[in-house]
Amino acid sequence: QVQLVESGGGSVQAGGSLRLSCAASGDITSINTMAWYRQVLGKQRELVAEATVGGGTKYADSAKGRFTISTDNAKKTLYLQMNDLKPEDTAFYYCYFRLRRGPAYKEAPYWGQGTQVTVSS
């Protein structure tokens, strides 16, 4: 079994900061990709930031310059530092891991339970 547990969401005023964390646990052999997505009710889930095992990162245009994705591979933990938050960043944020559980398994996607981020003006 694999679990992704998120923390760090909350409510802040515009211009504030939040740091999201996502800790993976369970039978994990390797992790290929880790990412943060967000979703607003009634809209599609969208990629916010992505980090690959090779060290590459990718950001949505809306996140560039304000958000930073980072990983602690030893702890199998993913972070998203969000600065200069704006009301339009309000959404449910989900972490995503693409990982392999063991040699008998193929790589598969796993999602965290989500955490609400609310930014007031």
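A brief structural summary. (Residues numbered from 1 in each chain as written. Predicted model: local features only at pLDDT ≥ 70, side-chain atom pairs only at ≥ 80, totals over all residues. Heavy atoms only, no water.)

So, the packing of aromatic side chains
To describe a pair of aromatic rings, one takes the distance between the centres and the angle between the planes.
Part 1: For the structure on display, the rule yields 4 aromatic pairs.
Part 2: The interplanar angle of 55° and the centroid separation of 5.4 Å between the aromatic rings of Phe92 and Tyr94 together place this pair among those described as tilted.
Part 3: Every member of this aromatic cluster is reached through a ring pair, and the members are Tyr37, Tyr96 and Trp111.
Part 4: Against the face of Tyr79 rests Arg19, its NZ or CZ located 4.0 Å from the ring centre. (Phe/Tyr/Trp six-rings, centres within 6.5 Å; stacked < 30°, edge-to-face > 60°. Lys NZ or Arg CZ within 6 Å of the ring centre and 35° of its normal.)

Quick look at the environment of Val117
Part 1: Along the chain, the position of Val117 falls in strand E11 (residues 115–120).
Part 2: In this view, Val117 contacts Gly9, Gly10, Leu18, Leu20, Met82, Asp89, Thr90, Ala91 and Tyr93; residues no more than four positions away in its chain are not counted. (Helix = DSSP H or I, 4+ residues; strand = E, 2+ residues; numbered from the N terminus. Contact = heavy atoms within 4.5 Å.)

Looking at the sheet that holds strand E1 (residues 2–7)
Part 1: Strand order in this open sheet of 4 strands is E1-E3-E8-E7, and the pairing throughout is antiparallel. Both outer strands of the open sheet, E1 and strand E7 (67–72), are each paired with one neighbouring strand and no more. Averaged over all neighbouring strand pairs, the angle between strand axes comes to 15°, with direction disregarded.
Part 2: In this sheet, strand E8 (residues 77–82) lies alongside E7 in antiparallel orientation, the contact comprising 6 bridges. Paired with Thr68 across the two strands is Gln81, which belongs to E8. (Pairing = 2+ DSSP bridges. Axes fitted to C-alpha atoms, helices over the stretch in contact; angles between N-to-C directions.)

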